[in-house]
Amino acid sequence: MKKNRISVLMTVYNTEKYLNNAIKSVLKQTYKNFELIIVDDKSTDNSRKIIRKYKNKKIKKFFLKKHIGRPKSLNYALKKSGGEFIAILDSDDISYKDRFKTQIKFLLKREKVMLVASMIDFVNDNGIQIKVYPSKNEVKNFSNIIHYKNIFPFSTVLFRKKILKKLGNFSNNLNYAQDYHFILRVKKIYEISLIPKILGQCRSRSDNLSSLKNLFVDRKRDLIYILKFSKNNFPLSFKLKMIISIKIILELFKIRLNFFKILLDR
């Protein structure tokens, strides 16, 4: 194992439109001590064909025989990783060229910090910027805000692999919010941080897991589960507990409202 090597985990499922840019953004990093682990979760478009055309020795390719979902695909990629650090990049997102260099430098200077993320350019399907996320104020107050709002873009997350000995892998019980859950699980045991720099680009897609209307209830249930986890597992102030409680009530209301809309549409 090379010292300070980064294992970049990229799970793929039908992202042929964006996949080349995602892979190239990793290969163009100024920090060269990395391996890119690509796990294709039984894509039905041209994603597998795109992956196969790359012959770079830094890339490890795995093609699953059946579709198992993102959490299990991430855990599969973890098993194949050999680096001291784990980086996440979704196959429809982009890492700017100095991302790894900036994050490694940050962590090497701060031994107690086990996980770091950064700000991103949030763009639409056409690559047009919607906003910078999170805001500077959210970065400044991330330690409180993270308990009721996920402001750690998962495609910018980098963490020390050794934390998995205590933490365990990504949860298979959550289909759409395992990233948020993972960050809070890390925070429960270790220090985490958010770099106030834009180090990547995340895409808001009309067809991604967090946008599909038929997954609305499952996504809300995941979020409620995480909010309850946050409320019950941290020594939070009364104000923070109230914010979380209100958010839980609002999410439950949204589920019920969605149910009534479905009934009315029949």
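Before reading on, note that the structure itself is shown above.
Residues numbered from 1 in each chain as written. Predicted model: local features only at pLDDT ≥ 70, side-chain atom pairs only at ≥ 80, totals over all residues. Heavy atoms only, no water.

Enquirer: Lay out the overall build of the protein chain in plain terms, naming residues and giving numbers.
Expert: Within the protein chain one finds 10 helices and 9 strands. Taking 266 residues into account, the globule formula puts the C-alpha radius of gyration at 18 Å, and the protein chain, at 18 Å, falls close to it. By its C-alpha atoms, the protein chain is 50 × 45 × 35 Å across when sized along the principal axes. Sequence-distant contacts, at least 24 apart, represent 75% of the contacts inside the protein chain between residues at least 6 apart. Surface accessibility of the protein chain: about 14000 Å² in total, with carbon and sulfur atoms responsible for 53%. In the protein chain, the 58 positive side-chain charges and the 21 negative ones have mean positions that sit 5 Å from each other. (Helix = DSSP H or I, 4+ residues; strand = E, 2+ residues; numbered from the N terminus. Rg over C-alpha atoms; globule rule 2.2 N^0.38 Å. Contact = heavy atoms within 4.5 Å. Areas by Shrake-Rupley, 256 points an atom, 1.4 Å probe, with all protein chains shown as cover. Lys, Arg positive; Asp, Glu negative; His and termini not counted. Charge placed at Lys NZ, Arg CZ, Asp CG, Glu CD.)

Enquirer: Any details on the nonpolar core? Residues and values, ideally.
Expert: Ranked by size, the top nonpolar core spans 52 residues in total, and within it Phe152 and Phe159 carry the most contacts. When residues no more than four places from it in sequence are discounted, the contact partners of Phe159 are Glu84, Phe85, Ile86, Met114, Leu115, Leu164, Phe170 and Phe182. Judged by nonpolar contacts, the second largest core, of 27 residues, contains Ala22, Ala87, Leu107 and Ile195. (Core = buried A, V, L, I, M, F, W, Y, C linked by side-chain atoms within 4.5 Å. Buried < 20%, exposed > 50% of the residue type's maximum accessible area, 1.4 Å probe, protein only.)

Enquirer: Now, about the pattern of salt bridges: what can you tell me, with residues and values included?
Expert: In the structure shown here, the tally under the stated rule is 6 salt bridges. Among the ionic pairs, Lys220 bridges to Glu251, the shortest N-O distance being 3.0 Å. Of this pair, Lys220 sits in helix α9 (residues 216–233) while Glu251 is found in helix α10 (residues 238–265), placing the two residues 31 residues apart along the sequence. Taken as a pair, Lys220 and Glu251 share a single burial class, namely buried. Here Glu251 and Lys254 are joined by a salt bridge, their closest N and O atoms 3.4 Å apart. Of the two residues, Glu251 and Lys254 both sit in helix α10, 3 residues apart, roughly one turn of that helix. (Salt bridge = Lys/Arg side-chain N within 4 Å of Asp/Glu carboxyl O.)

Enquirer: Summarise a positive patch on the surface; cite the residues concerned and give the values.
Expert: Among the surface-exposed residues, Lys101, Lys105, Lys109, Arg110 and Lys197 lie close enough to one another that they form a single positively charged patch. Of the residues examined, Lys109 reaches a relative accessible area of 60% and is grouped as exposed. (Patch = residues over 30% accessible without salt bridge, like charges linked within 9 Å, V, L, I, M, F, W, Y side chains within 5 Å.)

Enquirer: Before we move on, could you go through the pairing of strand β2 (residues 34–40) and cite the residues and values that matter?
Expert: Successive residues of a regular strand alternate their side chains across the two faces of the sheet. Within β2, 7 of the 7 residues are buried, which leaves the element mostly enclosed by the surrounding structure. By the alternation rule, side chains of β2 split into Phe34, Leu36, Ile38 and Asp40 and Glu35, Ile37 and Val39, which are all buried. One ladder, built from 7 bridges, connects strand β1 (residues 6–12) with β2; its direction is parallel. Along β2, the bridge assignment pairs Val12 with Asp40. In the sheet, β2 pairs with strand β3 (residues 59–63) via 5 bridges, with the strands oriented parallel. Residue pairing for β3: Asp40 is matched across the bridge by Phe63. The parallel pair β2 and β3 is bridged by helix α2 (residues 47–52), and the resulting crossover is right-handed. (Pairing = 2+ DSSP bridges. Right-handed = clockwise from strand over helix to strand, strands pointing away.)

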